[in-house]
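Spelled out, the chains give:
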Amino acid sequence: MATPRTGGCLCGAIRYESDGDVMFALRCHCRDCQRQSGAASVAAIRVAAARFHVTKGTPKRFVAQADSGNEIARSFCGDCGTPLYVQVATRPDVVGLRVYTLDDPGWFRPEADIFVKSAQPWEPVDAAVPQYPDYPPGKSYPVAAGQ
Ligand SMILES: [Zn+2]
Ligand SMILES: [Zn+2]
C-alpha cells in the first residue's frame, strides 16, 4: 500500500491524501451506502481523521440520520457527484474513505462484509470474507448502525 495514499473524485475538483494505518477495511451493504454510491456495496477503509486531509477543493456534505439516531456526514464532489468519505458524529476522529476514489485501490482486502442484512441477492459474495448482519463485534461505533 502506497503511503501517503492519494485520491480524489472523478472530475479532479477534490483531491485528498491520507497516511497512517488502516483501522478497518470493509465492504458495507447498508441501504444508505447503496443509494449514495449507486452500487450494491461500498468498499471502505477507516483511517484516523487526523491523518486525512483534503488537499484540493471543498467537498459538499450530506448529513443523514441512521436508524440509531447517529448523524452520518457523507462528503462528495459537488461537481461530479463522486462519494468520497463519511464521518459519524459520535466518532469525529475517524474517516471512512471510499476505496474506489484512491489513485491505487488495488491493494484493498476487505476484513469483513457488514450490513449484509441488506445485501442484494444478485451481488456475488466472497465466502472467504466474514459476514455480519450489521457491525462486527468490537467494530461498532458507540451508538451503532449506519456506516
Ligand atoms: Zn468531482
Ligand atoms: Zn453503509
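Residues numbered from 1 in each chain as written. Chains lettered and ligands numbered in written order. Predicted model: local features only at pLDDT ≥ 70, side-chain atom pairs only at ≥ 80, totals over all residues.

S.K.: Run through the nonpolar core, naming residues and quoting values.
M.R.: Cys28, Ala44, Leu84, Leu97 and Val99 are the most contacted members of the largest nonpolar core, which has 25 residues in total. If you list the elements that add at least two residues to this core, you get β3 (24-28), β4 (42-48), β7 (71-76), β8 (83-88) and β9 (94-98). Considering each element in turn, this core owes the most residues, 5 residues, to β4. (Core = buried A, V, L, I, M, F, W, Y, C linked by C-beta atoms within 7 Å. Buried ≥ 20, exposed ≤ 12 C-beta atoms within 10 Å, placed from the backbone. Helix = DSSP H or I, 4+ residues; strand = E, 2+ residues; numbered from the N terminus.)

S.K.: Could you give an account of the environment of Pro121, with specific residues and numbers?
M.R.: Structurally, Pro121 is set in the segment after β10 (112-114). Between the C-alpha atoms of Pro121 and Pro4, which are 117 residues apart in sequence, the distance is 36 Å.

S.K.: So, the pairing of β7: which residues are in play, and what are the values?
M.R.: The pairing of strand β6 (residues 60-65) with β7 spans 6 bridges and is antiparallel. In the sheet register, Lys60 faces β7, and the bridge partner there is Phe76. Relative to β8, β7 runs antiparallel, the two sharing 5 bridges. Bridge pairing in β8 links Ile72 to Val88. Between the antiparallel neighbours β7 and β8 lie 6 residues, among them Gly81 with a positive phi of about 85°. (Pairing = 2+ DSSP bridges.)

S.K.: Quick one: what's the story with the sheet that holds strand β1 (residues 5-8), residue by residue and with numbers?
M.R.: Spatial strand order, β1-β2-β5: 3 strands in an open sheet with antiparallel pairing. Only two strands of the sheet have a single neighbouring strand rather than two, namely β1 and β5 (52-56). Sheet twist, expressed as the mean angle between neighbouring strand axes with direction ignored, is 25°. Sheet analysis places β1 next to strand β2 (residues 15-18), joined by 4 bridges and oriented antiparallel. (Axes fitted to C-alpha atoms, helices over the stretch in contact; angles between N-to-C directions.)

S.K.: Pulling in residues and values, what's your account of the sheet that holds β9?
M.R.: Across the sheet, which stays open at both edges, the 7 strands sit in the order β6-β7-β8-β9-β4-β3-β10 with mixed pairing between neighbours. Sheet topology places β6 and β10 at the edges, where each strand pairs with a single neighbour. Geometrically, the sheet is characterised by an average inter-axis angle of 30° between neighbouring strands, direction not taken into account. As judged from the 5 bridges shared by β4 and β9, these two strands associate in the antiparallel manner. Among the inter-strand pairings, Ala48 is bridged to a residue of β9, identified as Val94.

S.K.: Can you lay out the environment of Ile14 for me, pointing to particular residues and giving the numbers?
M.R.: Structurally, the position occupied by Ile14 is in the loop between β1 and β2. In this structure, the C-alpha to C-alpha distance between Ile14 and Cys80, residues 66 residues apart in sequence, is 9.7 Å. Non-local contacts of Ile14, meaning those with residues more than four positions away in its chain, are made with Gly8, Cys9, Val54, Lys56, Gly57, Pro59, Cys77 and Leu84. (Contact = placed C-beta atoms within 7 Å.)

S.K.: Any details on unusual backbone geometry? Residues and values, ideally.
M.R.: Even without being glycine, Phe115 reaches a positive phi, approximately 55°. Structurally, Phe115 can be placed in the segment after β10. The buried category is assigned to Phe115, around which 25 C-beta atoms lie within 10 Å.

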